[in-house]
Amino acid sequence: MSRTRSIWTIMVAAMVFCVSPALAQYGIFDQTVDWPIIGSAHAEGSVSVSGSGGNTTYTVMGNGSFGARIEGGGYGVAGDEGFFVYTDKAGSWTLQAKLFPYYGQTALMIRETGADAASNFYSVELAEIGTVVHALFRSRTGAGGNVSIQLFDADGNPIQDEGDGLWLRVTRVEPVDIFFSEYSPNGVDWFIADNRIMDWPSDTASYGIAAGSGGDNEELGEVEVTEVEFVSTPPVAQRKLSQLSFKPGDVFDAEISVFVSGEDRAGATIEETIPEGWTASAIQRRRNGIQWCDQLEPYGSSSWGNGCVLPSDRTPLLPVI
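Residues numbered from 1 in each chain as written. Predicted model: local features only at pLDDT ≥ 70, side-chain atom pairs only at ≥ 80, totals over all residues. Heavy atoms only, no water.

1. Let's talk about the overall build of the protein chain
Next up, step 1: Per the secondary structure count, the protein chain includes 0 helices and 22 strands.
Next up, step 2: Per-residue burial over the protein chain gives 51% buried out of 321 residues.
Next up, step 3: Accessible surface, the protein chain: about 14100 Å² in total, of which carbon and sulfur atoms supply 49%. (Helix = DSSP H or I, 4+ residues; strand = E, 2+ residues; numbered from the N terminus. Buried < 20%, exposed > 50% of the residue type's maximum accessible area, 1.4 Å probe, protein only. Areas by Shrake-Rupley, 256 points an atom, 1.4 Å probe, with all protein chains shown as cover.)

If you want it as structure tokens, here you go:
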């Protein structure tokens with residue numbers, strides 16, 4: 001399966017924590033944090049790394065819940081409790097791994113600030129064997145509203161681990177701050193399960209593995225993670241419209257930008273499907289669509305545009321894929 005993919009989107013408490021005192025090496029990561037107690041109990045987490053190269057295994061253990069604001073039971077603070085092993089990276093990156101959860105909560109996570117328990121973040125998260133996978137995120141640092149969205153495969157089936165491990169990955173595309181989560185049945189063919197744009201003031205991000213027990217207790221959640229690596233983010237396409245509301249007969253501009261994050265030239269084919277009854281200018285036409293093909297330069301962006309005219313007799317909705 002080609003690594004070229006496109007995402008279509010429309011633009012629209014101080015806490016005390018314990019951070020590792022100095023940078024150390026934990027496989028491909030170099031920092032850890034044990035996010036603080038926000039309930040009535042806490043146990044310190046840990047990470048151990050065994051093996052080397054492609055046979056490296058990360059065992060991550062943590063206590064508490066992250067990405068949750070629980071009223072009552074001792075919880076009433078917007079923030080995270082758990083253990084996070086991570087590294088800071090600038091630019092666009094994809095973190096992928098195969099996760100074998102045993103107990104508690106675990107996630108591949110991207111945070112604006114790794115050590116800040118109230119930081120905004122985006123993650124793909126699951127609990128022990130048999131539970132479903134979610135996109136879990138906090139859109140603003142310190143905000144109490146965390147969002148959890150169950151993920152489904154291309155056939156509409158819930159994505160979940162049946163005991164054989166689960167291939168997952170998370171991506172941040174800079175400078176537009178598009179985030180998305182993916183799953184794979186084999187570690188080769190990847191499918192986007194969720195994507196969104198998030199406000200991200202920082203030029204860097206903390207990428208890593210989070211673990212917790214999933215509750216207010218002194219137990220340690222545990223996950224084994226293999227095949228952990230950073231890979232170049234594939235070309236990503238974004239549609240921008242000159243206006244977000246329309247009436248019959250309106251003319252507006254649609255611009256598609258493609259962002260390349262890798263070191264190599266990348267071939268991209270973008271096909272835009274026009275709603276029935278609309279008209280548009282185009283470089284190339286294919287049935288009811290417009291198609292652009294180009295060779296994109298490393299670490300750059302390219303844009304194409306067309307003018308769309310709504311039919312005078314109705315106002316169909318513009319699909320967002």
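Picking up where we left off.
2. Re unusual backbone geometry
Next up, step 1: Cis geometry marks the peptide bond from Glu-174 to Pro-175, where omega comes out at 20 degrees.
Next up, step 2: Structurally, Pro-175 can be placed in the loop between β11 (166–173) and β12 (178–184).
Next up, step 3: Positive phi values are uncommon outside glycine, yet Asp-177 reaches one of about 55 degrees.
Next up, step 4: Relative accessible area serves as the criterion here: at 9%, Asp-177 is assigned to the buried category.
Next up, step 5: Located in the positive-phi region is Glu-227, a residue other than glycine, with phi close to 55 degrees.
Next up, step 6: Mapped onto the elements of the fold, Glu-227 is located in strand β15 (residues 221–231).

3. Some thoughts on the confidence of the model for the protein chain
Next up, step 1: This prediction gives the protein chain a mean pLDDT of 78; 72% of its residues lie at or above 70.
Next up, step 2: Below pLDDT 50 for its whole length, residues 284–288 participates in 11 contacts with residues either more than four positions away or in separate chains.
Next up, step 3: Below pLDDT 50 for its whole length, residues 314–321 participates in 23 contacts with residues either more than four positions away or in separate chains. (pLDDT = per-residue confidence, 0-100. Contact = heavy atoms within 4.5 Å.)

4. Regarding the packing of aromatic side chains
Next up, step 1: According to the stated counting rule, one finds 12 aromatic pairs in the structure shown.
Next up, step 2: Centre to centre, the rings of Phe-29 and Phe-230 are 6.3 Å apart; their planes meet at 75 degrees, and the pair counts as edge-to-face. Of this pair, Phe-29 sits in the loop between β1 (18–19) and β2 (31–35) while Phe-230 sits in strand β15, and the two are 201 residues apart along the sequence.
Next up, step 3: On the basis of relative accessible area, Phe-29 is assigned to the buried category, the value being 0%.
Next up, step 4: On the numbers, 5.4 Å between centres and 25 degrees between planes, the contact of Trp-35 with Phe-84 is stacked. Taken together, the residues span a long stretch of sequence, with Trp-35 in strand β2 and Phe-84 in strand β5 (residues 82–90) at a distance of 49 residues.
Next up, step 5: The class for Trp-35 is buried, based on a relative accessible area of 0%.
Next up, step 6: Through pairs of rings, three or more aromatic residues link up here, namely Phe-29, Tyr-58, Trp-93, Tyr-207 and Phe-230.
Next up, step 7: Lys-89 extends its terminal NZ or CZ atom over the ring of Trp-93, reaching a point 4.1 Å from the ring centre. (Phe/Tyr/Trp six-rings, centres within 6.5 Å; stacked < 30°, edge-to-face > 60°. Lys NZ or Arg CZ within 6 Å of the ring centre and 35° of its normal.)

5. Overview of the nonpolar core
Within soluble globular proteins, side chains that are nonpolar generally end up buried alongside one another.
Next up, step 1: Of all hydrophobic cores here, the largest spans 35 residues; its most connected members are Phe-29, Val-60, Leu-108 and Ile-209.
Next up, step 2: Setting aside anything within four residues of it in sequence, one finds Leu-108 in contact with Leu-95, Gln-96, Ala-97, Leu-99, Tyr-122, Ser-123, Val-124, Leu-168, Arg-169, Val-170, Gly-208 and Ile-209. (Core = buried A, V, L, I, M, F, W, Y, C linked by side-chain atoms within 4.5 Å.)

6. Details of the pairing of strand β9 (residues 134–138)
Next up, step 1: Extensive coverage of β9 is indicated by the burial of 5 of its 5 residues.
Next up, step 2: Every second residue of β9 is oriented toward a common face, with His-134, Leu-136 and Arg-138 on one face and Ala-135 and Phe-137 on the other, all of them buried.
Next up, step 3: Here 5 bridges tie strand β8 (residues 121–126) to β9, and the two strands are oriented antiparallel to one another. Bridge pairing links Tyr-122 to Phe-137 in β9.
Next up, step 4: Here β9 runs beside strand β10 (residues 146–150); their pairing, made up of 5 bridges, is antiparallel. The residue bridging Phe-137 from the neighbouring strand is Val-147, located in β10. (Pairing = 2+ DSSP bridges.)

7. Remarks on the sheet that holds β12
Next up, step 1: Taking strand neighbours across the sheet as the criterion, the 7 strands line up as β3-β4-β15-β6-β11-β12-β13 in an open arrangement whose pairing is antiparallel. Since the sheet does not close on itself, it has two edges, and those belong to β3 (46–50) and β13 (191–197), each with one partner. Across this sheet, the average inter-strand angle for adjacent strands is 25 degrees, counted without regard to direction.
Next up, step 2: Here β11 pairs with β12 via 7 bridges, running antiparallel. Counterpart to Arg-169 in the pairing with β12 is Glu-182. (Axes fitted to C-alpha atoms, helices over the stretch in contact; angles between N-to-C directions.)

8. Overview of the pattern of salt bridges
Next up, step 1: Following the criterion strictly, the structure yields 5 salt bridges and no others.
Next up, step 2: Note that Asp-177 is salt-bridged to Arg-172, the shortest N-O span being 3.0 Å.
Next up, step 3: It is possible to trace a salt-bridge network through shared partners that takes in Asp-80, Arg-111 and Arg-138. (Salt bridge = Lys/Arg side-chain N within 4 Å of Asp/Glu carboxyl O.)

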